[in-house]
Amino acid sequence: MYVIPAVFFVLMFVYFPIGMNFYNSLFKMNSYSDVKTFVGLKHYVNIFQDPIFYTAIKNNVLYAVFSLIFQVGFGMILAILLEGRYVGKKIGSFFRNVLFVPSIISIPAVALLWYFIYNPQMGLLNGLLENIGLGAMKTAWLANPNTAIYSVIMMSQWQYTGYIMILLVVSIQKIPRELYESAEIDGASEFQKAIHITIPSIKSMLVVTSIITIIGAFKLFSEVYIMTGGGPYNTTQVLGTYMYRAAFKFDEMGYGSAVAVVIFIITFAISILQLRSFTDD
Amino acid sequence: MFWLLMLVIIYPLFWMVMNSLKTSTELFVNSFALPETPLFSNYVDAWNMGFANFFFNSALVTVVSVFAIVMLSAFCSYALARLEIRFKKIFLYLIIGGLLLSPQSALIALYRLFDMLNIYNTYFAMIIPYIAFGIPFAVFLMYGYFKEFPEDLEDAARIDGCSTFKIFMKIVLPISKPIVAATAIVSSISTWNEFIFALVFIEDENLITIPVGLSRFKDALTTNWTGMMAGIVIASLPMIIAFLFMSKSFIRGLTAGSVKG
Amino acid sequence: MRKMLSVLMLMFFLLSCFAFAEQVNLKFLHRWTQEPDKSFFDGVARAYEKEHPNVKIDVQAVANDAYKEKIKVMLGTEDAPDVFFTWPGEFTNRFIRAGRVLDITNYMLKDGSLFDYVGSQVIPFLYNGALYGLPYRVDGKIFVYNKEIFKKAGIDNPPATFDEFLVDLDKLSKLGIKPIAFGNSEPWAVSHYIAAINQKSVPEEIWEKDLDPAFGMWTDPGYVEALRIYSELVPYFNDYSNALKHDQTKVAFYQGLNAMAYIEIVEIPTIATDAPEGFFDKIGVFPFPATNGPGDQHYLVGYPEGFVVSANSKHPEEATDFLKFLTGKQTGISELKTFGYFNGIKNMISPEEVQPIVYETAKLVMDSDKMVNWLDSSLHAKIWAVYSVELQKLTDQVTTPEKAMEAVIEAAKKVREEFNQ
């Protein structure tokens, strides 16, 4: 009985839209007209024939990979260093909090900030490069098809690495001191301690943060939409913006719903795989 | 090395506050210079755009939604972690599966649904989807925590004849303050910053929340950039303060919650 | 006693029925969330309510970008506003095709109020011979230039033909600056250039036909020529034009870093407030110069913005009446005083009432035989999606006019097929 209210909410307001998406994906329709034509699986066929769809998936995967490396990987290293008593408690606390703050700020704000950092004319990045003699590397970060998606990806790493790091810090704090003490007696170095004690002990948290990061990578929308709108030349499209474009710019709710279904299936599959290891532990 | 990281994080934030005190022109001429004369009027103007109201609405919606999320999820995840229920695994997967839906996909369906239920353009049009979308992550966090929770205290209470409900309310919940705080913060952040539902499901001027209010600084031809930055600072402060305040219990809560048991 | 009571109740009931039957509630949606426009619209609503005490108007505003989505979502339900903002052209046409917009032809002909409006400003709101909306704010796209810099480069008068333009651009470059401030991070900016050039390079009947998604071929060689003309301008833009916002480049122009910028007339009043002291007195305007193409060289790019009435409105009479008020003379005078905008009513402006440059631009608009729509609002979304990508590539100089048009023709073909299924 405890379970029912929560399940009800989620079923009604989350699964109902998912269901509607499955249903709508079989029609050609838009949001403001009554006309609805049944087209069966045609949308799906078109999706798999569209080169932009593949660009989008590639970008989502890129995003997932980078996020795993930075947010989880680098986050983990930071967490280990912070908890390894290289820094005093007070300072450690200060670092922790500061690194977390970017994840609290809303995305439009972060996007605005980074528009100015990446701005080719008067932005921080190009200015910095100029000053340290790397002026040749200057470019229009968000408008250059070679750098655009990476620029967006790095902005997200700035925002969320602290968030993931904190989750890992908290995991590390739970490891009993004795384990480390006995390793020290055996003459283990800091590095060995980290590899043999710390990392294995936080394995489950690493899995959790990986799940969160990967799901986030595939649900990605606002960052790309605000920063580049999917450009330049559609090189930064991700599944989320691809769907949005179809549904709201092209007025093809049916096609958009089909994309939403595809996203859902992909993330569902990935999550099931990872959840399996989570609950079987 | 850490100091370099600090710089990378703090400098952009400082930059934003600094620029929020400039005129738009100053901003584009040199965004890294200090303001000529700090334009506190940007903050006053932002506030006058209705921030007092936006604040109230955001606060109301956030508090109610988060309270519901935490309560419902706590009950639900405790039950799933402890009690013998049929289809337990299915329910669990179902709820966590709710993590997978992105808000944009749900826009039209929910719009029509709310219209039918007559809650369109009311506080409920925001509160209800926030609860529905917030529950999966909350359950995810709390399930792990409760799974790990030592059963002895509860067993002792059960031997004494307490009902499950009493056990939960009187023993488990009070000790779980950390995870509750953690869940509350995480849910608060996403609710406070939520934009798309608040935009599409609300028309009434009086119900507008902060993120939607912020978007109004942006017009097609001219955007009040520095005013927007002032607004952003105003909007972020409460969450930052709340976080710093709760950071102690937050960290402890997340520990216990997410390590798999 | 009982009888008295029931009679009284009956009377009360009947009376209240009458009272409520008279009361009309209208929902009015516009896209101006910033001041002073926001208060302006509230004022218009209140003024109308004063003259029509039985009407109550609920005014709402949604910011520009969000507006485009929100209105679509709203039009699919019962909550559609009675009177709402729109951009004429394809943006409105697809709503008309879906039966969501009210045909107001008869309302406007009945009392002859149609003829209060300037013809070229009403034409954009026609579809298949019927009238669907009215203009609120007239617009036009022109080059605003810095007279001082022009003089320094040895240019006494703004160019009248494209060849003169190229010569002038060359002279300006010799001063060591990039002559044209151009920020295209949002591609509507380039669509305004192309709208002008396309119209000048392609015979009128052809480009008008091409705008219809069901028939558009886009195969006329004039389109390729248009892109070639555009490419000649590209070297004179500031660097990184695809990465910069329109706003930012305007500020550069105010700072004297560029000699000119291609802007909308409605942006001119803000120059007075946003630019440094004395800048406003240095500026002049000229329309996109004439080319040798087959199009009419006296048309001006710039469609008005306006309002329409929902086809599902429960009070079409009152809604249309409010629409007329909203776009009528009284509001127009107020608009001019408050913002320096003018609406579509005839004979609104006399030279004494406004600053010379505002009068100049008003004349440019009103004297044009016809207005040309912004390219992005006139095209089907799918065609524009491809066109805008090609234009960005062209601006980055990574493609050719021929290849660009090939992609557009391909996209147009797909859309035609959809329409003709």
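Cut-offs and rules
- Residues numbered from 1 in each chain as written.
- Chains lettered and ligands numbered in written order.
- Predicted model: local features only at pLDDT ≥ 70, side-chain atom pairs only at ≥ 80, totals over all residues.
- Heavy atoms only, no water.
- Helix = DSSP H or I, 4+ residues; strand = E, 2+ residues; numbered from the N terminus.
- Buried < 20%, exposed > 50% of the residue type's maximum accessible area, 1.4 Å probe, protein only.
- Contact = heavy atoms within 4.5 Å.
- Areas by Shrake-Rupley, 256 points an atom, 1.4 Å probe, with all protein chains shown as cover.
- Lys, Arg positive; Asp, Glu negative; His and termini not counted.
- Charge placed at Lys NZ, Arg CZ, Asp CG, Glu CD.
- Rg over C-alpha atoms; globule rule 2.2 N^0.38 Å.
- Pairing = 2+ DSSP bridges.
- Core = buried A, V, L, I, M, F, W, Y, C linked by side-chain atoms within 4.5 Å.
- Domains from an automatic or database assignment.
- Axes fitted to C-alpha atoms, helices over the stretch in contact; angles between N-to-C directions.
- Expected span 1.5 Å × (residues − 1).
- Buried area = accessible area lost by both parts, 1.4 Å probe.
- Salt bridge = Lys/Arg side-chain N within 4 Å of Asp/Glu carboxyl O.
- Polar contact = N/O pair within 3.5 Å; in protein donor to acceptor, adjacent residues only side chain to side chain.
- Parallel < 35°, antiparallel > 145°, perpendicular 65-115°, else oblique.
- Left-handed = near helix turned anticlockwise from the far one by under 90°.
- Nonpolar A, V, L, I, M, F, W, Y, C, P; charged D, E, K, R; others polar.
- Phe/Tyr/Trp six-rings, centres within 6.5 Å; stacked < 30°, edge-to-face > 60°.
- Lys NZ or Arg CZ within 6 Å of the ring centre and 35° of its normal.

(A) Representation of the overall build of chain A. Check the secondary structure of chain A and you find 13 helices and two strands. When its C-alpha atoms are laid out on the principal axes, chain A stretches across 75 × 60 × 30 Å. Here chain A holds 281 residues, and the buried ones make up 58% of them. Sequence-distant contacts, at least 24 apart, represent 67% of the contacts inside chain A between residues at least 6 apart. Looking at chain A as shown, the accessible area adds up to about 11500 Å², and 68% of this sits on carbon and sulfur atoms. Here chain A contributes 17 positively and 14 negatively charged side chains, and the mean placements of these two sets differ by 5 Å.

(B) Layout of the overall build of chain C. The number of helices and strands found in chain C is 19 helices and 13 strands. Over its C-alpha trace chain C gives a radius of gyration of 24 Å, about what one expects of a compact globule, namely 22 Å for 421 residues. Projected onto its principal axes, the C-alpha positions of chain C cover 100 × 55 × 35 Å. Expressed as a percentage of the 421 residues in chain C, the buried residues total 59%. Considering only residue pairs separated by 6 or more positions, chain C has 76% of its internal contacts joining residues 24 or more positions apart. For chain C, the distance from the average position of its 42 positive side-chain charges to the average position of its 58 negative side-chain charges is 4 Å.

(C) Seen up close, the pairing of strand β3 (residues 83-86) of chain C. Residues and elements named next belong to chain C. The alternating pattern of β3 places Val-83 and Phe-85 and Phe-84 and Thr-86 on opposite faces, both of which are buried. Where strand β1 (residues 24-30) and β3 come together, two bridges link them in parallel fashion. Within β3, the residue paired with Phe-28 across the bridge is Val-83. Note that β3 and strand β12 (residues 305-309) share four bridges and pair antiparallel. If you follow Phe-84 over to β12, its bridge partner there is Val-308.

(D) The nonpolar core, seen in detail. Counting residues in hydrophobic clusters, the biggest one holds 325 residues, and the most contacted among them are Tyr193(C), Tyr230(C), Met260(C), Phe307(C), Phe322(C) and Tyr387(C). Here this core gets 17 residues from one element, more than from any other, and that element is helix α6 (residues 124-148) of chain B. Counting contributing residues per domain, this core is built from domain 1 (2-139 + 303-368) and domain 2 (141-301 + 380-419) of chain C, each supplying no fewer than three.

(E) How the structure looks around the side chain of Glu252(A). Along the chain, the position of Glu252(A) falls in the loop between α12 (239-249) and α13 (253-280). Apart from the residues within four sequence positions on either side, Glu252(A) is in contact with Lys28(A), Met29(A), Ala246(A), Ala247(A), Lys382(C) and Glu418(C).

(F) Region of the structure containing the sheet that holds β12(C). Residue and element names in this part refer to chain C. In spatial order, the strands read β2-β1-β3-β12-β6; together these five strands make up an open sheet with mixed pairing. The open sheet has two edge strands with one neighbour each: β2 (55-61) and β6 (133-137). Ignoring which end each strand starts from, the neighbouring axes of this sheet average 25° apart. Each of β1 and β3 touches helix α3 (residues 64-75); the most contacted strand, β1, lies at about 145° to it.

(G) Structural view of helix α4 (residues 89-100) of chain A. If you check α4(A), its first and last C-alpha atoms are 17 Å apart, about what twelve residues at 1.5 Å a residue would give, namely 16 Å. Every buried residue of α4(A) is listed here: Gly92(A), Phe95(A), Arg96(A), Asn97(A), Val98(A), Leu99(A) and Phe100(A).

(H) Quick look at the interface of chain A and chain B. If you look at the interface, chain A gives 73 residues, while chain B gives 80 residues. Regarding the contact of chain A and chain B, the summed buried area is about 7400 Å², with carbon and sulfur atoms giving 83% of it. Summed over the shared surface of chain A and chain B, the result is zero salt bridges. Along the contact surface separating chain A from chain B lie two residue pairs in polar contact (both at pLDDT 80 or more). Within the residue set of the side of chain A that touches chain B, elements represented by two or more residues are α1 (3-24), α3 (51-83), α4, α5 (107-118), α7 (148-172), α10 (203-219), α12 and α13 of chain A. A total of 16 residues in the side of chain A that touches chain B trace back to one element, the largest contributor, which is α1(A).

(I) Structural view of the packing of helix α2 (residues 37-51) of chain C against helix α15 (residues 329-339) of chain C. Residues and elements named next belong to chain C. Two elements in contact, α2 and α15, have axes whose closest approach is 12 Å; the angle formed by their N-to-C orientations is 155°. Considering the angle they form, α2 stands roughly antiparallel to α15. For the pair α2 and α15, the sense of crossing is right-handed. Every residue of α15 that contacts α2 at Asp-37, Phe-40, Val-44 and Glu-51 is listed here: Gln-330, Thr-331, Ser-334, Glu-335, Thr-338 and Phe-339. Its residues assigned to classes, the contact of α2 with α15 comprises three nonpolar, four polar and three charged.

(J) Inspection of the packing of aromatic side chains at higher detail. One pass over the full model with this rule turns up 74 aromatic pairs over all chains. Consider the rings of Tyr242(A) and Tyr255(A), whose centres lie 6.1 Å apart with planes at 70°: the pair is edge-to-face. Of this pair, Tyr242(A) sits in helix α12 while Tyr255(A) sits in helix α13, and the two are 13 residues apart along the sequence. Among the residues examined, Tyr242(A) registers a relative accessible area of 2% and is labelled buried. The buried category is assigned to Tyr255(A), whose relative accessible area is 10%. Judged by centre distance (6.1 Å) and plane angle (65°), the ring pair of Phe143(C) and Tyr193(C) falls under edge-to-face. With Phe143(C) in strand β7 (residues 141-146) and Tyr193(C) in helix α9 (residues 188-201), this pair connects stretches of sequence that are 50 residues apart. Judged on exposure class, the residue Phe143(C) and its partner Tyr193(C) are both buried. It is Arg31(C) that lies over the ring of Trp32(C); its NZ or CZ is 4.4 Å from the centre. Above the ring of Tyr262(C), the side-chain terminus of Lys141(C) is found at 5.3 Å from the ring centroid.

(K) Spatial organisation of the pattern of salt bridges. Scanning all chains against the criterion turns up 22 salt bridges over all chains. A salt bridge links Asp239(C) to Lys178(C); the shortest N-O distance between them is 3.9 Å. Of the two residues, Asp239(C) is situated in the loop between α11 (221-233) and α12 (246-254) and Lys178(C) in the loop between α8 (162-173) and β8 (180-181); the sequence distance between them amounts to 61 residues. Note that Arg228(C) is salt-bridged to Glu232(C), the shortest N-O span being 3.3 Å. Taken together, the residues span about one helical turn, with Arg228(C) and Glu232(C) both in helix α11 at a distance of four residues. For Arg228(C), a relative accessible area of 38% corresponds to the partly exposed category. Taken together, the shared-partner salt bridges in this structure form one network comprising Lys28(A), Glu252(A), Lys382(C) and Glu418(C).

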